[in-house]
Amino acid sequence: MKNQTLFLPELQNASGPFDYPLTNDYMFRSLCQKNNKALKGLLSALLRIPPEQIHSVVITNPIVVGEACPDKEFRLDVRVELNGNAIINIEMQVANLHDWPERSISYLCRLFDNLSHGDKYTAVRSAVHISILDFTLFSDDPSFYSCNKLMDEKNHHVYSGKFALNVLDLNQTELATDEDRAWRLDYWARLFKATTWEEIKMVATDNEYLQEASNTLFDLNADFNVRERCRNREEYYNVLRTFEDEIDSAKEELARSQNELTQVNSQLAQSQNELAQSQSELVQSQSELAQSQSKLAQSQNELAQSQSELAQSQNELVQSRSELAQSQNELAQSQNELAQSQSELAQASDKLTQVNSQLAQSQNELVQSRNELEQSKSKLTQKELEIDKLRAEIARLRSGQNA
């Protein structure tokens, strides 16, 4: 752009650090209200509208620059009516309270609710909330400048161009796109972050809108009342930064705890799996135990029956032992009697032997007698024969005599 503004002589000669940069929201709010041209140049870069197409920039929530804020948490956003139609809300935020997405959507919804009673819905004016942040909103997906609209997830068709959330991250200038650089948005970010007058002049040298902002920034840093209000805001934000640090520490601790919890959950899951397996094994063991108990009960019944039978057998054994003792007594008696009988038998055997001897002698004598008898019988027979012969002779003789 053609340079139409020069630095103030005082700024031209200034050097070194200054106290309140544009990241101080009271300084930013004061500059926007004090210098409409600088605000116009900033909106041109943020909305990518050529400056010549911006006909009017009207702040609808003005403050009295230098006066104290009603309270420390007073919002210092800049609400602008652009070209009599669109409503733009610009807010500088340096403390990350980890609720900005929800807060900014809430602010935008209030901004979008701009119809008067009886107006048609089509008459609603475009609403854009622009966040200028001195922190990275999404650390997992950083971006220098993002423009967010309602759109279809599948084909990215914009639902309505009248509802938008834009976010400028002052700490991600290296991610600026060619389009961002073409609109000098990276220069504006560097102007916001500048803390020395040398940086200010180096950034703003070739742009009249940046020079306008630089000159007003110099004047406001010299205004006692503005400085007091800026100091109050710095104190407020220092408290918020402490709170933010505590939140970050708590988040880190929470992350560590969550990691530990994840490990514990993993171990717990493993333990639960092992427990489930153990329970399955326990169920199986219980089933086997039930079977064993059933078998044990059966065995116990059988054992009881066996014990009953054993008792009966023991009774029978006692009885048998009694009978055996009696039998043994009788046997002893019988053995005594047997011994006596054997003694008597021995005597009888001796007698029998003697008798047998005598019998043998008698038999011998009998045999001898028989032999003698046979001899006698033979002799007798012979005698009888002789007698018969004699008788026959006698008879013959007698017969002869009679004749």
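Residues numbered from 1 in each chain as written. Predicted model: local features only at pLDDT ≥ 70, side-chain atom pairs only at ≥ 80, totals over all residues. Heavy atoms only, no water.

Caption draft 1: Focus on the overall build of the protein chain. Within the protein chain, the regular secondary structure consists of nine helices and six strands. Its C-alpha radius of gyration of 71 Å places the protein chain more than 25% over the 22 Å reference for a compact globule of 403 residues. Taken over the C-alpha atoms alone, the protein chain extends approximately 235 × 50 × 50 Å along its principal axes. Taken across its 403 residues, the protein chain has 29% of its residues classed as buried. Counting contacts in the protein chain only where the partners sit at least 6 residues apart, residues at least 24 apart contribute 69% of the total. Accessible surface, the protein chain: about 26,300 Å² in total, of which carbon and sulfur atoms supply 49%. Between the mean site of the 39 positive side-chain charges and the mean site of the 60 negative ones, the protein chain shows a separation of 6 Å. (Helix = DSSP H or I, 4+ residues; strand = E, 2+ residues; numbered from the N terminus. Rg over C-alpha atoms; globule rule 2.2 N^0.38 Å. Buried < 20%, exposed > 50% of the residue type's maximum accessible area, 1.4 Å probe, protein only. Contact = heavy atoms within 4.5 Å. Areas by Shrake-Rupley, 256 points an atom, 1.4 Å probe, with all protein chains shown as cover. Lys, Arg positive; Asp, Glu negative; His and termini not counted. Charge placed at Lys NZ, Arg CZ, Asp CG, Glu CD.)

Caption draft 2: Expanded view of the layout of surface pockets. Considered as a void within the structure, the largest pocket measures approximately 390 Å³ in volume. For the largest pocket, the lining is made up of 21 residues, of which L137, F138, S146, N148 and V167 are closest to its centre. Within the residue set of the lining of the largest pocket, elements represented by two or more residues are α4 (100-112), β5 (145-149) and β6 (163-169). Its residues assigned to classes, the lining of the largest pocket shows twelve nonpolar, six polar and three charged. (1 Å grid on protein atoms, 1.4 Å probe; cavity = no way out; pocket = protein on both sides within 12 Å on 5 of 7 lines; lining within 4 Å. Points joined across faces, edges and corners; volume = space filled by probe spheres on them. Nonpolar A, V, L, I, M, F, W, Y, C, P; charged D, E, K, R; others polar.)

Caption draft 3: Structural context of unusual backbone geometry. For R48, which is not a glycine, the phi torsion comes out positive at approximately 60°. Note that R48 resides in the loop between α3 (36-47) and β1 (57-59). Positioned with a positive phi, H98 is a non-glycine residue whose angle comes to about 65°. Looking at the secondary structure, you find H98 in the loop between β3 (86-93) and α4.

Caption draft 4: Summary view of the packing of aromatic side chains. Counting across every chain of the model gives six aromatic pairs. These aromatic residues form a ring-pair network of at least three members: F18, W197 and F218. Looking at K37, its charged tip hangs above the ring of Y209, at a distance of 5.7 Å from the centre. Across from the ring centre of Y187, 5.0 Å away, lies the NZ or CZ of R190, which sits over that ring. (Phe/Tyr/Trp six-rings, centres within 6.5 Å; stacked < 30°, edge-to-face > 60°. Lys NZ or Arg CZ within 6 Å of the ring centre and 35° of its normal.)

Caption draft 5: Geometry of the nonpolar core. Core analysis: the largest hydrophobic core is formed by 62 residues, its most contacted members being F28, L43, I88, I90, I132, W188 and F192. The element that contributes the greatest number of residues to this core is α3, accounting for seven residues. If we ignore the near neighbours within four places in the chain, the residues touching F192 are P21, L22, T23, F28, L42, M92, I132 and L170. Counting residues in each nonpolar core, the second largest holds six residues, with I87, L108, L111 and L165 among its members. (Core = buried A, V, L, I, M, F, W, Y, C linked by side-chain atoms within 4.5 Å.)

Caption draft 6: Structural context of α3. Given a rise of 1.5 Å per residue, twelve residues ought to cover 16 Å, and the 16 Å separating the end C-alpha atoms of α3 matches this to within 8%. Across the twelve residues that make up α3, a large majority, nine, are buried. Within the sequence span of α3, burial applies to A38, L39, G41, L42, L43, S44, A45, L46 and L47. Where α3 begins, the side chain of N35 points an oxygen toward the backbone nitrogen of K37, at a separation of 3.1 Å. Just downstream of α3 lies R48, where phi reads positive at about 60°. (Expected span 1.5 Å × (residues − 1). Polar contact = N/O pair within 3.5 Å; in protein donor to acceptor, adjacent residues only side chain to side chain.)

Caption draft 7: Looking closely at the environment of C32. For C32, the location among the structural elements is in helix α2 (residues 25-34). Along the sequence, C32 and A213 sit 181 residues apart, while their C-alpha atoms lie 8.5 Å from each other.

Caption draft 8: Representation of the packing of helix α6 (residues 185-193) against helix α8 (residues 208-221). Taken N-terminus to C-terminus, the directions of α6 and α8 make an angle of 10°; their axes are 11 Å apart at the nearest point. Overall, the two elements α6 and α8 adopt an arrangement that is roughly parallel. Residues Y187, W188 and L191 of α6 form the contact with α8, whose own contacting residues are Y209, L210, A213 and S214. Among the residues forming the contact of α6 with α8, the class breakdown is six nonpolar, one polar and no charged. (Axes fitted to C-alpha atoms, helices over the stretch in contact; angles between N-to-C directions. Parallel < 35°, antiparallel > 145°, perpendicular 65-115°, else oblique.)

Caption draft 9: Focus on the pattern of salt bridges. Tallied over the full model, the rule gives 13 salt bridges. A salt bridge links E212 to K37, with the nearest nitrogen and oxygen atoms 4.0 Å apart. In this pair, E212 sits in helix α8 while K37 sits in helix α3, placing the two residues 175 residues apart along the sequence. With relative accessibility at 19%, the residue E212 sits in the buried group. In this structure, E81 and R125 form a salt bridge, with 2.7 Å as the shortest nitrogen-oxygen distance. (Salt bridge = Lys/Arg side-chain N within 4 Å of Asp/Glu carboxyl O.)

Treat this as a map of the structure, not an account of what it does.
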